[in-house]
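Analysis of the macromolecular model
Read off the chains here:
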Amino acid sequence: MQFRKSWIMTLALTSVLALSACGANNATTNNGGGNTSATNAPTETSGTELKGSVLASGSTALQPLVEQVAEKFMESNKGVDIQVQGGGSGTGLTQVAEKQVDIGNSDVFAEEKLKDADADKAAALVDHQVAVVAIAAVTNKEVGVKDLTKQQLVDIFTGKVTNWKEVGGKDEKIQIINRPGSSGTRATFESFALGTKTEDLQGSIQEDSSGTVKKLVSETPGAIGYLALSYLDDSLTTLSYDGVEPSVDNVIAGKYPVWAYEHMYTNGEPNETVKAFLDYFLTDEVQSGDVVELGYIPASKMQVARDVKGNVTTK
Amino acid sequence: MKPRTADKIATTLIVFFALLIVGILVGLLGYILMRGISHISWDFLTSAPQKIRAGGGVGPQLFNSIFLLFLTLLITVPLGLGAGIFMAEYARPGKLTAFIRLIVEVLSSFPSIVVGLFGLLLIVNYFNLGFSLISGALALTVFNLPLMVRITEQAFRTVPKQQKEAGFALGLSKWKIVTSVLFPVALPTIITGTILSAGRVFGEAAALMFTAGMSSPRLDFGNWNPLSPSSPLNPFRPAETLAVHIWKINSEGLAPDAVQIAAGASAVLVITVLIFNLAARYFGRFIYRKLTASKRMN
Amino acid sequence: MKANKSRIEKHHIEDFIGRTYMSFCVTLLIVIIVSMVYFVASKGLSTFISGTTSVSEFFFGTKWSPDGDTPSFGALPFISGSFLVTLLAALIASPLSICAALFMTEIVPGWGKKLLQPVIELLSGIPSVVYGFVGLSVIVPLLRNIFPGQGIGVAAGALVLSVMILPTITSVAADALSSLPQNLKESSFALGATRWQTISRVIIPTTLPAIMTGVVLGMARAFGEALAVQMVIGNAPFVPRSLFESASTLTSVITLGMGNTTMGSPHNNALWSMALVLMLMTFVFVFLVRLLERRNKI
């Protein structure tokens, strides 16, 4: 038995060694591959003022941006550790309201999710709008429509119009690829493109994820859906809205109305480290760099502003 | 219809359906591997994923999957052995034993999404462990533990009675018999079962989306201090596993080669499961041979 | 004498520690299940306790619009969707699985088992996200080309699930068939019955409860499967009018909504109620398995 015990120990040790060997290999290939992420252990450098750890969670749409900015921020502030987690806007708002995280990322205003009994929780949250996401209606390439008015979109999404020929396209049945009722993207599309909440239609497809929506719209004959601008490409037809093309410039100028803020909420005023991180987010370096690179629209560039009730004002 | 004709038709149908299943598997594996294998390279397996550029890999995800599996087994194997040995050797038939057996059965058939939600509520939010490896491992424990209990119990039950009786005849204590007589004999079956259950853990996604999270912070593979936040070994960091990553890039992937990455990652996942299966078979046989040989020497 | 006494004590201590540890493991199992039931039930029941909706409205209401101006929480579309895909999947998979089991045990017991055993193990090892991925890229376009509709829908979900539960049913059925006493078959052959007559009149009727156990276990897995189904079923919150229409299951609506809603909101609570339904259905499935096993023994 003694022999066997030591044998098991050896096995465990070997596997740990093998694992660490794997890790070492990873590090070297990262270097070799020209990956920019730093592979040397972060050391406490004297002279940095900021310290502490920041935990952010929530919106999966905003997550890639926050991750990327966090990495940059950590590189210049070695004492700070920022963890970014997903979970969805609802989770982010829940966790920041319960003070389980420092920052709750959300695609929608907190007031829209934390209603009725939870309204006082929303009141305690401080909003930081870091980016803007615009949403465009897209169709399958074959339907032959390039532009829809607000009323036509409403008719399609409420099921009044069921064939593309009624709005000037081919004789093809309209297939709606919608989002689930809890989706922030759907809330934005309904508020600012349709101007009304729509009921789910029997037989409509609902997907939460932009990738799946894109795949289905490009594959399904007669399909219509809506996507954030960063997902658009040649596999789909992007529709103009009331004659306005959904472009970054049109959004910034306030001509194209279907957009929403990406929010980073803190519970009360943020502490020094969190504030520095959020301030860094609004610097020109990030707003014109990472935000644009990842397909969002810089919040700082917007020439119009919108409040929680949807009132738009020119800056 | 003549019985003989009926017999022939039935036999043909049975053979046809059986081969159809083989066909489904071959088609499935073929499809996954054909689409994915061309994308697998050393670089793909080791480099970090890219958010919007092509050429990202699944290095951290692969590491997370393996590390999470390791953590889960670290928790479940000792606990599963304890409970399994109790069920096989100590429990007297009665209401309590029947109840525990029922618990094991119910626990192992809970849908993984329910386990994930339970983990979200209790481990992530209530115990405030956040989306982390340790939350994921604890959630996986919920459905891996009953499997381990069952594997251990069955393994101990297959040990011939005579071995135990010989132990008693020598005046050994029950604990001594369990640890020195029965355990070595049961070990090969336990290991085989553990490796097979590991395959399930490796491919689990639904429970992990709500517990281990869907993000993978930058890992510093030169830093092996488990307490450092950027260390791969830190169990309190969020960790996206390979299976969750497939789900995520299928749905939210912005990189132009997201489809190929999903295909490649699927292939990696399937190949790993294949390896687990082969390893389970080979390992079980190997250890069995080792143990029986060493016994003869004694 | 002294030495002897201390040795006995050492054994006693070892035995005591072993027993304590094992009792701890078993207690842990009980703690896990009790806390799971408690937490999921307390969250799930809050929908009804807070008066958001009544039990009958939840189970029989067909209108699901939790964020509408007049919120309504009818979960019938999801409950019926879950049952529909589960039953369909069982209907497709059961004949295939029974044929495979017969192939392994009756038609060609030698290489049939060698061929199918690994196939079954591999099929059960493929992660569910991979099934969903393949379903979305193979089954959905295929159905779209052959049948009316968009390919996505109940039929696609049922097909994906049926492949996923094939291994469960097959392995249980094969175990049942191979444990059948040899003399039953031999006496049937001696009476001049063909193989098909033996299978259909003797083997299947005798092993039916055991085979049904496999079917129920498979259905339990199908009922709780989340990701693979969610990817191909379309997720429209309606009771489907045809097999090729988009519908939802309990698991798919939970996966879609859980992250997007805040804890404690009526919408979120309704999702927890559905998780509670999933949990209760697990109890039902385990109960059915028990019932069938009891019949099997007689």
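Residues numbered from 1 in each chain as written. Chains lettered and ligands numbered in written order. Predicted model: local features only at pLDDT ≥ 70, side-chain atom pairs only at ≥ 80, totals over all residues. Heavy atoms only, no water.

1. What about the UniProt feature "transmembrane region" (unreviewed entry) in chain C?
All names here are of chain C. Here, UniProt's "transmembrane region" (unreviewed entry) annotation points to residues 21–41, 78–103, 115–140, 152–177, 198–220 and 270–292. Helix makes up 100% of residues 78–103 and strand makes up 0%, while its end C-alpha atoms are separated by 37 Å. Secondary structure over residues 115–140 splits into 92% helix and 0% strand, and the C-alpha atoms at its two ends are 29 Å apart. (UniProt positions renumbered as here; feature names shortened; annotations may be inferred. Helix = DSSP H or I, 4+ residues; strand = E, 2+ residues; numbered from the N terminus.)

2. As for the domain arrangement of chain A
All names here are of chain A. The domains assigned to chain A are domain 1 (52–131 + 260–314) and domain 2 (133–252). For domain 1 versus domain 2, the separation of C-alpha centres amounts to 27 Å. Domain 1 puts 16 residues into the contact, and the matching count from domain 2 is 11 residues. Surface buried jointly by domain 1 and domain 2 totals about 1,100 Å² across both partners, of which 62% is contributed by carbon and sulfur atoms. The largest contributions to the domain 1 side of the interface with domain 2 come from Ala 260, Ile 297 and Arg 306, which together make up 42% of the buried area. (Domains from an automatic or database assignment. Contact = heavy atoms within 4.5 Å. Buried area = accessible area lost by both parts, 1.4 Å probe.)

3. Observations regarding the interface of chain C and chain B
Across the contact, 70 residues belong to chain C and 74 residues belong to chain B. Here chain C packs against chain B, burying approximately 6,800 Å² in sum over the two surfaces, 83% of which is carbon and sulfur. Counting the surface chain C buries against chain B, the share from its top three residues, Met22(C), Leu29(C) and Phe133(C), is 10%. Seen at the junction of chain C and chain B, the total is one salt bridge. With a closest N to O distance of 2.7 Å, Arg290(C) and Glu105(B) form a salt bridge. Our count for the chain C to chain B interface comes out at seven residue pairs in polar contact (both at pLDDT 80 or more). For the side of chain C that touches chain B, the element with the highest residue contribution is helix H1 (residues 2–49) of chain C, accounting for 19 residues. Its residues assigned to classes, the side of chain C that touches chain B comprises 50 nonpolar, 13 polar and seven charged. (Salt bridge = Lys/Arg side-chain N within 4 Å of Asp/Glu carboxyl O. Polar contact = N/O pair within 3.5 Å; in protein donor to acceptor, adjacent residues only side chain to side chain. Nonpolar A, V, L, I, M, F, W, Y, C, P; charged D, E, K, R; others polar.)

4. Some thoughts on the packing of helix H3 (residues 76–107) of chain C against helix H6 (residues 154–178) of chain C
Residue and element names in this part refer to chain C. At their nearest, the axes of H3 and H6 sit 6 Å apart, and the two run at 35 degrees to each other. The hand of the H3/H6 crossing is right-handed. Of the residues contributing to the contact of H3 with H6, the split by class is 22 nonpolar, six polar and one charged. (Axes fitted to C-alpha atoms, helices over the stretch in contact; angles between N-to-C directions. Left-handed = near helix turned anticlockwise from the far one by under 90°.)

5. Details of the environment of Gly84(B)
Residue and element names in this part refer to chain B. Within the secondary structure, Gly 84 is located in helix H3 (residues 59–90). Assessed through its relative accessible area of 0%, Gly 84 is described here as buried. Gly 84 sits 63 residues away from Leu 147 along the chain, and the two C-alpha atoms are 9.6 Å apart. (Buried < 20%, exposed > 50% of the residue type's maximum accessible area, 1.4 Å probe, protein only.)

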